[in-house]
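# Inside the fold
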Amino acid sequence: MTDLLNAIVLLSNFLIIPGLSYGSQLALGALGVTLVYGVLRFSNFGHGETMSFGAMVTILTTWGLQSIGVSIHPLPTALIAIPVGIIVTIFFTLLIDQTVYKYHRTRKANPVTFLIVSIGVMFFMGGLIRFIIGPGDQIFFDGTRFILKAKEFKELTGLDEGLSLKMTQGVTIITAIIIVAGLFWFLNHTRTGKSMRAYSDNENLALLSGINPRKVVLVTWILVATLATIAGTLYGLDKSFKPFVYMQLLLPIFASAIVGGVGNPVGAIVGGYVIAFSELIMTFAYKKVVLYLAPEGTTVDSLIQLLGTNYKIAVSFIILVIVLIIRPTGIFQGKTL
Amino acid sequence: MKASFFQKHRSVLLFSFMGTLLILVGVFQSWSVALTIFNLCLVSAIMALGVNIQWGYAGLFNVGVMGFAALGGLASVLISMPRVEEAWEVGGFGILAGFLIIVTTVMSCLIIWPKIKKNKRSRYWIIFTLVILGYSGLRIFFDPGVRAIEDVNPSVTGYLGGLGLPILVAWPVGGILAAGVAFVIGKVALGLRSDYLAIATLGISEIIIIIIKNEEWLTRGVKNVNGLPRPVPYEVDLQQAAWFQDWALFLDLPLDDASSLLVKVCYALLFIVVIAVLLWLSETALRSPWGRMMRAIRDNEVAAGAMGKNVTWQHLRVFVIGSAVIGMAGAMLTTLDGQFTPVGYQPLRFTFLIWVMVIIGGSGNNWGAILGGFFIWFFWIEAEPIGLWIIAHLTSSMEPASPIRAHLLEGAAHMRLMTVGIILLVTLRYAPEGLIPEKKRM
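Residues numbered from 1 in each chain as written. Chains lettered and ligands numbered in written order. Predicted model: local features only at pLDDT ≥ 70, side-chain atom pairs only at ≥ 80, totals over all residues. Heavy atoms only, no water.

### Considerations on the pattern of salt bridges
Where charged atoms of side chains with opposite charge meet at close range, the side chains can pair. All names here are of chain A. If you walk through the whole model with that rule in mind, you get ten salt bridges over all chains. In this structure, Lys-288 engages Glu-161 in a salt bridge whose closest nitrogen and oxygen atoms are separated by 3.3 Å. With Lys-288 in helix H12 (residues 287-293) and Glu-161 in the loop between helix H5 (150-157) and strand S2 (165-166), this pair connects stretches of sequence that are 127 residues apart. Since its relative accessible area comes to 45%, Lys-288 is described here as partly exposed. (Salt bridge = Lys/Arg side-chain N within 4 Å of Asp/Glu carboxyl O. Helix = DSSP H or I, 4+ residues; strand = E, 2+ residues; numbered from the N terminus. Buried < 20%, exposed > 50% of the residue type's maximum accessible area, 1.4 Å probe, protein only.)

### Section: helix H13 (residues 312-326) of chain A
End to end, H13 of chain A covers 22 Å across 15 residues, agreeing with the expected 21 Å (1.5 Å per residue, within 8%). Of all the residues in H13 of chain A, the buried ones are Ala-314, Val-315, Ser-316, Phe-317, Ile-319, Leu-320, Val-321, Val-323 and Leu-324 of chain A. Of the surrounding elements, those touching the buried residues of H13 of chain A are helix H10 (243-260) and helix H11 (265-283) of chain A together with helix H8 (194-214) of chain B. (Expected span 1.5 Å × (residues − 1). Contact = heavy atoms within 4.5 Å.)

### Observations concerning the packing of aromatic side chains
Evaluated as defined, the whole model comprises 28 aromatic pairs over all chains. Relative to Trp-217 of chain B, the ring of Phe-142 of chain B has its centre 5.5 Å away and its plane inclined at 85 degrees; by these criteria the two rings are edge-to-face. Separated by 75 residues along the polypeptide, Phe-142 of chain B in helix H6 (residues 122-150) and Trp-217 of chain B in helix H9 (residues 216-219) bring together distant segments of the chain. Here the aromatic rings of Phe-244 of chain B and Trp-247 of chain B are separated by 5.6 Å at their centres, their planes lie at 40 degrees, and the arrangement is tilted. With Phe-244 of chain B and Trp-247 of chain B both in helix H11 (residues 242-251) and three residues apart, this pair spans about one turn of that helix. The exposure class assigned to Phe-244 of chain B is buried, which follows from its relative accessible area of 0%. Ring-pair connections join several aromatic residues into one group, and the members of that group are Phe-42, Tyr-101, Phe-114 and Trp-221 of chain A. (Phe/Tyr/Trp six-rings, centres within 6.5 Å; stacked < 30°, edge-to-face > 60°.)

### What about the interface of chain A and chain B?
The interface of chain A with chain B comprises 44 residues on the first partner and 46 residues on the second. Buried surface at the junction of chain A and chain B, both sides included, amounts to about 4000 Å², of which 78% is carbon and sulfur. Broken down residue by residue, the surface that chain A buries against chain B is led by Ile-116, Phe-123 and Phe-131 of chain A, which jointly contribute 19%. For the interface between chain A and chain B, the tally reads zero salt bridges. The tally of links between chain A and chain B comes to eight residue pairs in polar contact (both at pLDDT 80 or more). Those elements giving two or more residues to the side of chain A that touches chain B turn out to be helix H3 (78-106), helix H4 (111-133), H10 and H13 of chain A. For the side of chain A that touches chain B, the element with the most residues is H4 of chain A, which contributes 16 residues. Residues that form the side of chain A that touches chain B fall into these classes: 35 nonpolar, eight polar and one charged. (Buried area = accessible area lost by both parts, 1.4 Å probe. Polar contact = N/O pair within 3.5 Å; in protein donor to acceptor, adjacent residues only side chain to side chain. Nonpolar A, V, L, I, M, F, W, Y, C, P; charged D, E, K, R; others polar.)

### Considering the domain arrangement of chain B
By a frequent convention, interface size equals the accessible area lost on bringing the separate parts together. Residue and element names in this part refer to chain B. Annotation of chain B at the domain level lists domain 1 (13-83 + 161-430) and domain 2 (84-159). Look at where the C-alpha atoms of domain 1 and domain 2 centre, and you get two points 34 Å apart. Taken together, the contact pairs twelve residues of domain 1 with 14 residues of domain 2. Surface buried jointly by domain 1 and domain 2 totals about 1100 Å² across both partners, of which 51% is contributed by carbon and sulfur atoms. If you sort the residues of domain 1 by the area they bury against domain 2, Arg-83, Trp-217 and Arg-220 come out on top, with a joint share of 65%. Our count for the contact surface shared by domain 1 and domain 2 stands at one salt bridge. Put simply, Arg-83 and Glu-85 hold a salt bridge, and the shortest N to O gap is 3.0 Å. At the boundary of domain 1 with domain 2, the tally comes to seven residue pairs in polar contact (both at pLDDT 80 or more). (Domains from an automatic or database assignment.)

### Notes on the environment of Arg-327 of chain A
All names here are of chain A. When you line up the elements, Arg-327 lands in the segment after H13. In this structure Arg-327 comes out as partly exposed when scored by relative accessible area, which is 38%. Along the chain, Arg-327 and Gly-261 lie 66 residues apart, while their C-alpha atoms are 9.3 Å from each other.

### Here's the deal with the environment of Ile-185 of chain B
Residues and elements named next belong to chain B. Mapped onto the secondary structure, Ile-185 falls in helix H7 (residues 170-189). Along the primary structure Ile-185 and Gly-94 are separated by 91 residues, whereas in three dimensions their C-alpha atoms are 27 Å apart. In this view, Ile-185 contacts Phe-68, Leu-190, Ile-204 and Phe-319; residues no more than four positions away in its chain are not counted.

### Brief notes about the packing of helix H6 (residues 167-189) of chain A against helix H7 (residues 191-201) of chain A
Residues and elements named next belong to chain A. Where H6 contacts H7, the two axes come as close as 5 Å, and the packing angle between them is 80 degrees. Comparing the axis directions of H6 and H7 gives the class roughly perpendicular. For the pair H6 and H7, contact is made by Phe-186, Leu-187, Asn-188 and His-189 and by Arg-191, Thr-192, Gly-193, Lys-194, Met-196 and Arg-197, respectively. When the residues that make up the contact of H6 with H7 are grouped by side-chain class, the tally is three nonpolar, four polar and three charged. (Axes fitted to C-alpha atoms, helices over the stretch in contact; angles between N-to-C directions. Parallel < 35°, antiparallel > 145°, perpendicular 65-115°, else oblique.)

Listed below in structure tokens is the structure:
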């Protein structure tokens, strides 16, 4: 019995909790990609940099708050800096939309042109971010590190394996739930949200019904900037902020959006967790779990690991490629917003 | 009229402008820097040519340039480095057995798949079982071999080494290796819509890089392979040679400067030969009936298909050819660097930058792609000194110790990302056909 409990705790500690928090970050990022795809109809390669930009503004605000002594200990200060990050990022994305995307939209450019334009935006924003905050690592986490320490858990339950819950993981999971619930309420129960879904479903029909396309585009960018800032900040809190990393995050995010079915918000969330968990499941060393579950006296030589940890990120790309080839419409086929 | 004069001699004028820029660098910075930029411009131009073959001729959106370039680099390691006999002795069997198992598994899957009736659930299970069996077999034979190889003198070798052939052989081989991989990728991915193809190729190129980084028995991974042999003489040997000393004296240059210049000129000549051959080949192809057909397919796939052209097969062909050119350029780049550094392959530098070159140069036009390669590489390198110079002048009124000035000067290094982004956005808006637009053929 204790062996079974130990095995479960071990799995929760190294697989389920990290999977949930990484999955939430990916899901929030993928939601942004999916919204752009559903409404503006292109794959936005600049999304990683939007996340990075939002996180950067949040970090600068956090430093400002820290220097005047504001703190919400035990929670990280960055949480109260996020709204500032969101507002600045919204203005910045709208500015980019007006100066760059709008022209191509009025000319009804094809999706590939938009994609190349978004690569240009990616370069520009990447440079701007590195120019402002530098290319290095920035740590902006403060507050208590752990909600539950492994040692405390062991003392509490008397098990051999400890279960720890980092503050950042808890904050990430809870924020993601709140944001996702809010987004779905907005899309399904407000007039603007419904008009967005209608526009994404059938543009011409929506225009005929008197939906204002400019408002839909505006609201989409506002939502995208909000989601990107939150996702970027949560990722930065959990790991650390480095401009270069967000560019690498772009592919797992695309993978999440496509695995779930691009253009579909439920798909983006499911896709995020699918990608996160498959990365962890494929590279987790099951040796200790097997030792707990197997009859006593069994010896295991290898780590029982399907793939080396170095291949962690490759797992998401492989899933991406397989899904694109076998079922390009994703798990939730044919549904939009 | 002035405008029509510019239109008429557009490419000549633009190329002379590019040449002047390089000469200015030679005069103001140094000739060594100018030649280094020139060599990398040539390599970038070849990569841009490859992308242009895929995008400009056929409209294929390949964002996996980095992967093919890395395969070319890998080829130069595998061809030119000496064989590590000891590693072959201890691990050669395991590797070969693993390789055989992979081939048998894939072959048996390919043979069995069409033999089982469609709509039968069992066929998925059979394939799944085969893959699992193959994978376990692979781990049993492969892993000990890999471990043994990586333990052979890990600080110097720790990999199988190469074939010990001259490195020039690696250039075509790099092309062939990239072409082979492109064939497999194209077979499965070319049916995708353009933006999905982009994301798929981006993903595949990342997978290639991850494999190269981690399979140390083959590539030494992040430990890098240094000291690749050269196709041109070494500076040290040149400095010893009597004829060279006379020559340097005649030019009134210090010996070490003269030798490094000559080495760079040799590389440049080799690259120019390659680029000339490629350009001649692709211009001939564009003018041939085949080129006409490719344009027809690019401009209207459905109509070309209705005329009886096999669109899928032509796409695959052009994808393979373009990737081969990129692979060759990758091998040339690694040769020029003299080392293979897997960590250096970043999508920003090796994929997106090449794309910017093609778009700005003029997609569909080979001369445009080459000019784009020159321009963008030039700005990629020179944006930093230019940015530093501008910022230093703009902030000259500030106190030298001012933290804002220091921060701005530090940030100047990142001006190039911004500059390239702005150049791309401006081109897409005001000159979407690029600097040298595609010729209108009747």
